[in-house]
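Geometric and topological summary
Given next are the chains, with one letter for each unit.
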Amino acid sequence: MNARRLPLALGCLLAIASAAEAATLYLCRGYGGGEFWSSDHCHKRSANIVRMANVPDGMPFEQQVQLVAGQLRNTEARNRQDDLERDRLQQCAQLKAERDHIWSRYGNWQFQQGDVIGQDRTRWKVIEAEQRRLNCQQR
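Section: the sheet that holds strand 1 (residues 22-30)
As summarised here, the arrangement of the 3 strands in space is 2-1-3, forming an open sheet in which the pairing is antiparallel. Every other strand in the sheet has two partners, leaving strand 2 (35-38) and strand 3 (47-56) as the edge strands with one partner each. Going across the sheet, the axis of each strand differs from the next one's by a mean of 20 degrees, ignoring polarity. Strand direction decides the pairing type here: strand 1 and strand 2, joined by 4 bridges, are antiparallel. Bridged to Tyr26 within strand 2 is Ser38. Against the sheet, helix 2 (residues 61-104) engages strand 1, strand 2 and strand 3, with an angle of about 100 degrees to strand 3.

Here you go:
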């Protein structure tokens, strides 16, 4: 066997072996409302399935729960970060659109009233400060 293919083959064998040794944990919500982890199907415990997770089979139940709960917390934290980043990018796009709108009033040397110019300057400074705070890309 080619030396380059050996790690790939070993990785595939380990993945197959670990899949064969996996157990399933169920996050259940009881008909009364409480949530709990179970190695049995939720319906056997008068509950509905909220989430399912594969865990190593030879591990004690409490460790399996800790493993899955930690993975769930990490996933939720990543999702929160993704949501925050999406919100930041949306705010940056809105600020850029507002800035472009202000700039469009002055692109053709159109006459503007003094009070409009003053309001635009003030707003422009606020937009720039907010873009710096959000670390928006300036183009």
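Regarding the pattern of salt bridges
Going through the model one piece at a time under the given rule, you end up with 9 salt bridges. Between Glu35 and Arg29 there is a salt bridge; the shortest N-O distance is 2.4 Å. The salt bridge involving Asp83 is made with Arg86; its shortest N-O contact spans 2.4 Å. Highlighted residues: Asp83 and Arg86, both in helix 2, separated by 3 residues, approximately one helical turn.

Things to note about the state of the cysteines
If you walk through the whole model with that rule in mind, you get 2 disulfides. Disulfide pairing is shown between Cys28 and Cys42; the S-S distance is 2.0 Å. As the torsion about the S-S bond is roughly -80 degrees, the Cys28-Cys42 disulfide counts as left-handed. A residue pair is termed long-range when its members are at least 10 positions apart, and Cys28 in strand 1 and Cys42 in the loop between strand 2 and strand 3 qualify at 14 residues. Cys42 matches Cys28 in its accessibility class, with the two residues each being buried. Across the disulfide from Cys92 sits Cys136; the S-S distance is 1.9 Å. Of note, the bridge from Cys92 to Cys136 carries an S-S torsion of about -85 degrees and is left-handed in sense. One end of the pair, Cys92, is in helix 2; the other, Cys136, is in the segment after helix 3 (114-134), with 44 residues separating them in the sequence. Accessibility assignment for this pair places Cys92 and Cys136 in one class, buried. When the cysteines engaged in disulfides are numbered in sequence order, the chain pairs them as 1-2, 3-4.

Structural notes on the packing of helix 2 against helix 3
Two elements in contact, helix 2 and helix 3, have axes whose closest approach is 10 Å; the angle formed by their N-to-C orientations is 155 degrees. Classified by the angle between their axes, helix 2 and helix 3 sit roughly antiparallel to one another. Relative to helix 3, the crossing made by helix 2 is left-handed. Facing helix 2, whose interface residues are Arg88, Gln91, Cys92, Leu95, Lys96, Glu98, Arg99, Ile102 and Trp103, helix 3 presents Asp120, Arg123, Trp124, Ile127, Glu128, Glu130, Gln131 and Leu134. In the contact of helix 2 with helix 3, the residues fall into 7 nonpolar, 2 polar and 8 charged.

Here we look at the side chain of Arg99
You can see Arg99 is positioned in helix 2. Residues contacting Arg99, with those up to four places away along its chain left out, are Trp124, Ile127, Glu128, Gln131 and Gln138.

Rules behind the numbers
- Residues numbered from 1 in each chain as written.
- Predicted model: local features only at pLDDT ≥ 70, side-chain atom pairs only at ≥ 80, totals over all residues.
- Heavy atoms only, no water.
- Pairing = 2+ DSSP bridges.
- Helix = DSSP H or I, 4+ residues; strand = E, 2+ residues; numbered from the N terminus.
- Axes fitted to C-alpha atoms, helices over the stretch in contact; angles between N-to-C directions.
- Contact = heavy atoms within 4.5 Å.
- Salt bridge = Lys/Arg side-chain N within 4 Å of Asp/Glu carboxyl O.
- Disulfide = S-S within 2.5 Å.
- Buried < 20%, exposed > 50% of the residue type's maximum accessible area, 1.4 Å probe, protein only.
- Parallel < 35°, antiparallel > 145°, perpendicular 65-115°, else oblique.
- Left-handed = near helix turned anticlockwise from the far one by under 90°.
- Nonpolar A, V, L, I, M, F, W, Y, C, P; charged D, E, K, R; others polar.

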